[in-house]
Amino acid sequence: MIEYPTFVTHLECSYTGKRYPADTLQGLSEAGKPLLVRYDLEALAAGISKVQLIDREPEFWRYREFLPVRRSENVVRLGEIMTPLLPAHKLREEYGCAEILIKDEGRLPTGSFKARGLALAVAMAKELGVRRMAIPTNGNAGAALAAYCAAADIDTWVFCPADTPKINIEETAFFGAHTYLANGYINDCGKFVGAGREEMGWFDTSTLKEPYRIEGKKTMGLELAEQLDWQLPDVILYPTGGGTGLIGMWKAFAELEAIGWIGSRRPRMVAVQAEGCAPMVRAFESGSRHAEPWQDAHTVAAGIRVPAAVGDFLILDAVRESGGFAVAVSDEDILAAQAECARREGILLCPEGAATLAALKQELAGGRIRRDERVMLFNCATGLKYPLAAEFDRIDLHEPPDFANLRAS
Ligand SMILES: *Cc1c(COP(=O)(O)O)cnc(C)c1O
């Protein structure tokens, strides 16, 4: 058994600042808000250097000093690679901007960046003796939880809206999770999980209702900083549902600055949502710190169909502090951006990832993003998990070939 060096000191209510002990099972704070993991950053700074990272495996556990897991035996590994930063050369030229980098998270286990958060949540659950985990999901989180729990021998219960992408539902059930479709939204499924906690003995793994998924998502910020030689981009566009990734990256940048690895300059954080479900955009525009639940939410980008987020104020605070903004794009523009990126760059974005490209295009035209800014987009899942609108014809191999007809097509 290898002891991981860990510098965790305590958990902290993100709203009131009240301290809670680490190393015991925790959900939300007494104020009903997310708990954040806090570290002894001075000790962390002394415990790891940038140079030491260089020789480590290209996986996110290379950042273990920044993470709360204490014993390596609790870590389940399914291939948590560092995801590539793909330059979109042709789109950059066409849009006339300085740089477009796409962080392609679709390469992670189960094909989405939910693997980062759930790998951490499951490792910590194992460490703290959890036997049963439950999650409300729009698809990818449930699949990631199911995979890590299969490997960790933890019993899993997954509840998703009935119109969750089919492949995710099948994938989740195939990993052996108890999988249920429900006639409601992700937050309705969340209420169901909350209600069943005691009787079913579930540990509630909902977005931001336990402290560790965000630590996993934090590795995106550490990783992109290292990949760019500790020079952060000017703008990060993030498809925002529950907001774990945006909040996690923001936390990563603060911790990196505290240990002296980066300066005080921050990317402008842009929360991208769909027009059919844009609670953060509405709150951002009205100057509010909290978002009202969105009614009749709908969008092709299932991962960002989140009518209400428990970490709303954390998303909005980060966006505002960074000088960024929240923006909505239409489903039509999302699908057009997805097709454009596939055909021009050979990169298959998921609809949520395509939403960030649609937002970039829209805001370059509108002027909120300048053409001299270095921009990073997040493709959070492989496009292969979603139905693709593509057309093709048939040929009859029993007939003589008609190449003239093919040439004309
Ligand atoms: C979950 C998910 C999102 C939203 O991520 P949050 O960090 O919860 O805001 C975006 N895209 C995809 C593909 C997702 O699965």
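About the cut-offs
- Residues numbered from 1 in each chain as written.
- Predicted model: local features only at pLDDT ≥ 70, side-chain atom pairs only at ≥ 80, totals over all residues.
- Heavy atoms only, no water.
- Pairing = 2+ DSSP bridges.
- Helix = DSSP H or I, 4+ residues; strand = E, 2+ residues; numbered from the N terminus.
- Expected span 1.5 Å × (residues − 1).
- Buried < 20%, exposed > 50% of the residue type's maximum accessible area, 1.4 Å probe, protein only.
- Arc of directions from axis to C-beta.
- Contact = heavy atoms within 4.5 Å.
- Phe/Tyr/Trp six-rings, centres within 6.5 Å; stacked < 30°, edge-to-face > 60°.
- Lys NZ or Arg CZ within 6 Å of the ring centre and 35° of its normal.
- Salt bridge = Lys/Arg side-chain N within 4 Å of Asp/Glu carboxyl O.
- Core = buried A, V, L, I, M, F, W, Y, C linked by side-chain atoms within 4.5 Å.
- Axes fitted to C-alpha atoms, helices over the stretch in contact; angles between N-to-C directions.
- Parallel < 35°, antiparallel > 145°, perpendicular 65-115°, else oblique.
- Left-handed = near helix turned anticlockwise from the far one by under 90°.
- Nonpolar A, V, L, I, M, F, W, Y, C, P; charged D, E, K, R; others polar.
- Near = heavy atom within 4 Å.
- Polar contact = N/O pair within 3.5 Å; in protein donor to acceptor, adjacent residues only side chain to side chain.
- Areas by Shrake-Rupley, 256 points an atom, 1.4 Å probe, with all protein chains shown as cover.

Visitor: When you look at the sheet that holds strand β3 (residues 35-39) in this model, what are you seeing that I'm missing?
Guide: To summarise the sheet geometry, strands pair through backbone hydrogen bonds and adopt either a parallel or an antiparallel arrangement. One open sheet accounts for 3 strands, arranged β2-β1-β3; its pairing is antiparallel. Only two strands of the sheet have a single neighbouring strand rather than two, namely β2 (19-20) and β3. Bridge count for strand β1 (residues 8-13) against β3 is 5 bridges, and the pairing is antiparallel. Residue pairing for β3: His10 is matched across the bridge by Arg38.

Visitor: What is the right way to read helix α12 (residues 331-345) from this model?
Guide: Since the α-helix advances by 3.6 residues per turn, residues separated by three or four positions end up pointing in the same direction. Over its 15 residues, α12 extends 21 Å from the first C-alpha to the last, a length consistent with the 21 Å expected when each residue adds 1.5 Å. Taken together, the buried positions of α12 are occupied by Ile334, Ala337, Gln338, Glu340, Cys341 and Glu345. With its buried residues spanning 165° around the axis, α12 presents them on a single face. Across from the buried face of α12, at angles greater than 90 degrees, the exposed residues are Glu332 and Arg343. Summarising the contacts, the buried residues of α12 are in contact with β4 (85-87), α3 (89-95), β5 (99-104), β11 (268-274), β12 (325-329) and α13 (351-366). A positive phi of about 75° marks Gly346, the residue just after α12.

Visitor: Mind showing me how you'd approach the packing of aromatic side chains here?
Guide: Geometry of an aromatic ring pair is reported as the spacing of the ring centres plus the angle between the planes. Applying the stated criterion across every chain yields a total of 12 aromatic pairs. Through a chain of ring-to-ring contacts, three or more aromatic side chains come together here, namely Trp157, Phe159, Tyr180, Phe192 and Trp202. Seen from the ring of Tyr15, Lys33 lies directly overhead, with NZ or CZ sitting 5.0 Å from the centre. Sitting over the ring of Phe325, Arg368 keeps its end group 4.0 Å from the ring centre.

Visitor: Would you explain the pattern of salt bridges in this entry?
Guide: By the definition in use, this model includes 29 salt bridges. Close ionic contact of Arg38 with Glu12 constitutes a salt bridge, the shortest N to O distance being 3.3 Å. On the criterion of sequence distance, the pair formed by Arg38 in strand β3 and Glu12 in strand β1 is long-range, its members being 26 residues apart. Within the structure, one salt-bridge network assembled from shared partners comprises Lys103, Glu105, Arg116 and Glu223.

Visitor: Looking at this model, I keep getting lost on the nonpolar core. Mind explaining?
Guide: Generally speaking, soluble globular proteins have nonpolar side chains that are buried together. Formed by 127 residues in total, the largest nonpolar core has its most connected members in Leu237 and Leu360. A total of 9 residues in this core trace back to one element, the largest contributor, which is helix α4 (residues 114-127). For Leu360, the residues in contact, after removing those within four places along its chain, are Tyr95, Ile100, Leu237, Ile369, Val375 and Leu377. Residues Ala134, Trp157, Phe159 and Trp202 belong to the second largest nonpolar core, which totals 6 residues.

Visitor: It is not clear to me how the sheet that holds strand β6 (residues 132-136) should be interpreted in this structure. Could you clarify?
Guide: One open sheet holds the 4 strands; their spatial order is β8-β7-β6-β9, and the pairing between them is parallel. The open sheet has two free edges, formed respectively by β8 (178-182) and β9 (203-204), since each of these has just one partner strand. Pairing analysis gives 5 bridges linking strand β7 (residues 155-161) to β8, with the strands arranged parallel. Bridged to Pro161 within β8 is Ala182. Running over the sheet, helix α6 (residues 166-174) touches β7 and β8 and is turned about 150° from β8.

Visitor: Explanation requested: the packing of helix α9 (residues 244-258) against helix α11 (residues 312-321) in the structure shown.
Guide: How two helices pack is summed up by the angle between their axes together with the distance between the axes. As a packed pair, α9 and α11 sit with axes 9 Å apart at the nearest point and diverge in direction by 55°. The angle between α9 and α11 falls in the class oblique. Between α9 and α11 the crossing geometry is left-handed. Facing Leu246, Ile247 and Trp250 of α9, the residues of α11 in contact are Leu314, Ile315, Ala318, Val319 and Glu321. Residues that form the contact of α9 with α11 fall into these classes: 7 nonpolar, no polar and 1 charged.

Visitor: For this particular structure, what's the right way to read the site of the ligand?
Guide: Taken together, 18 residues lie near the ligand, and Lys114, Asn140, Tyr238, Gly241 and Gly243 sit nearest. Within the side chain of Asn140, one N or O atom sits 2.9 Å away from an oxygen atom of the ligand. Between the ligand and Thr244, the relevant distance is 3.1 Å, taken from an oxygen atom to a main-chain nitrogen or oxygen of the residue. Surface burial for the ligand is 96%, taken as the share of its 380 Å² of free accessible area covered by protein chains. Of all the secondary structure elements, the ones that give two or more residues to the shell around the ligand are β10 (235-239) and α9. In terms of residue class, the shell around the ligand is made up of 7 nonpolar, 8 polar and 3 charged.

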